[in-house]
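The chain contents come next:
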Amino acid sequence: MLNATRKPPSRLRRLDAALLDLNDGAMLLSELDGFVAGLLVGPEGISPDEWLPVIWGGGEPPFEEAEDARWFAGMVTAYSDEIARALERGRYQPLLEVDERNGDVLWEIWTDGFARAMTLRPEGWSLIAQADDDEVRAALAGLRTLIDIGEDASDLAHHEIDAIADRAAELISMWVAPLHAARSVGGNIVASPAAMPSKVGRNDPCPCGSGKKSKKCCG
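Residues numbered from 1 in each chain as written. Predicted model: local features only at pLDDT ≥ 70, side-chain atom pairs only at ≥ 80, totals over all residues. Heavy atoms only, no water.

1. Side note on the overall build of the protein
Rule in force here: Elements are defined by DSSP. Helices are runs of H or I of four residues or more, strands are runs of E of two residues or more, and each kind is numbered from the N terminus. Only protein chains enter the accessibility calculation, which uses a 1.4 Å probe. A residue is then buried if its area is under 20% of the maximum for its type, exposed if over 50%, and partly exposed in between. Residues count as neighbours in contact if any of their non-hydrogen atoms are within 4.5 Å of one another.
Counting its regular elements, the protein contains nine helices and two strands. Secondary structure of the protein in N-to-C order comes out as α-α-α-α-β-β-α-α-α-α-α. Classification of the 219 residues of the protein by burial places 45% in the buried group. Taking contacts inside the protein between residues at least 6 apart in sequence as the whole, the part at least 24 apart equals 68%.

Pasting the structure below:
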């Protein structure tokens, strides 16, 4: 179960439990938080039928009942809406897990999720790295530094790594903000992660991300 730096509401605890009930490749809630944040501040919008399967580890939806698939998709979409509102208000704080044994903040789980979002549009993120805005470039460089540290792939000295890791939660919030601001004014929004269709035609792709027509899946 999730032990977080801030107590999540009951709906998120239910989502956390649902993620834990999926296969071993499914994301943890903190990883999902980073993943959705990465989608929302990324170079372009991505359709839910592409990013939803990433959450449960790819392949067919791991749900025995269509109602379970709809409930899960709805919970994830509601969570993306919540993160989007926090970003708009400048109040986004990453949901980070805490090691119950020693109290260490496991921010690496969050950066794993953000990194997975980046892999969906690597060319677009490369363009962000070349942006004219110094703050935007620095923010992306900072998040990439955290990702490298989390993956034990950083060339920084140990004392530099420790100094950054100690401020990880603060730095994540600080670096995500300019990326979101640039996305908001850039106009390159194809489809928000929160844009799950409310009505789906019987012959349309199922919003659960299975790739099947709605009438043959959750519809």
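2. Observations regarding helix α4 (residues 66-88)
Note the following rule: In this analysis, the expected span of each helix is defined as 1.5 Å times one less than the number of residues it contains.
Spanning 23 residues, α4 covers 33 Å between terminal C-alpha atoms, matching the ideal 33 Å at 1.5 Å per step. Within α4 the residues assigned to the buried category are A69, F72, A73, M75, V76, T77, Y79, S80, I83, A86 and L87. One or two steps after α4, the chain reaches G90, where phi turns positive at roughly 70°.

3. Section: the pattern of salt bridges
Our working definition: What makes a salt bridge here is a side-chain nitrogen of Lys or Arg within 4 Å of a carboxyl oxygen of Asp or Glu, nothing more.
As enumerated under the stated definition, the model contains eight salt bridges in all. Measuring nitrogen to oxygen at the nearest pair gives 2.6 Å for the salt bridge that ties D134 to R137. Here the residue D134 and the residue R137 both occupy positions in helix α7 (residues 134-150), the gap between them amounting to three residues, near one helical turn. What makes D134 exposed here is its relative accessible area of 52%. When salt bridges that share partners are traced, they join E44, E50 and R121 into one network.

4. Digging into the side chain of R121
Inclusion rule: Under the rule applied, a polar contact is a pair of N or O atoms within 3.5 Å (in protein, one hydrogen donor and one hydrogen acceptor; residues adjacent in sequence only if both atoms are side-chain atoms).
Mapped onto the fold, R121 is located in the loop between α5 (107-118) and α6 (122-128). Polar contacts involving the side chain of R121 include one to the side chain of E50, which spans 2.8 Å. Ignoring anything within four residues of it in the chain, the contact list for R121 reads P43, E44, I46 and E50.

5. Let's talk about helix α1 (residues 10-20)
Worth spelling out the cut-off: By definition, the arc is the one covered by directions from the helix axis to the C-beta atoms.
Taken together, the buried positions of α1 are L12, L15, D16, A18 and L19. What you see down the axis of α1 is that its buried residues fit within an arc of 160°, all on one side. Buried residues along α1 sit against α2 (29-41), α3 (48-55) and α4.

6. Some words on the nonpolar core
To keep it simple, the criterion reads: For this analysis, a nonpolar core means a set of buried residues of the types Ala, Val, Leu, Ile, Met, Phe, Trp, Tyr and Cys, connected via side-chain atoms within 4.5 Å.
Counting residues in each nonpolar core, the largest one holds 58 residues, and the members touching the most others are L32, F35, I55, F72 and L179. Counting residues per element, this core draws most heavily on α4, at nine residues.

7. Here's the deal with a negative patch on the surface
To keep things clear, this is the line we draw: Each patch is assembled from residues with relative accessible area greater than 30% and no salt bridge, linking like charges that lie within 9 Å and nonpolar side chains (Val, Leu, Ile, Met, Phe, Trp, Tyr) that lie within 5 Å. In these tables, accessible area is a Shrake-Rupley quantity obtained with a 1.4 Å probe, and a residue counts as shielded only by the protein chains included in the view. Neither His nor the chain termini are counted; the positive set is Lys and Arg, and the negative set is Asp and Glu. By convention, the point assigned to a charge is CZ for Arg, NZ for Lys, CD for Glu and CG for Asp.
A surface patch of negative charge is lined by D112, D148, E151 and D155. Mapped onto the fold, D148 is located in helix α7. Exposure remark for D148: the relative accessible area of 34% places this residue in the partly exposed category.

None of the figures reported here should be taken as evidence of function without further support.
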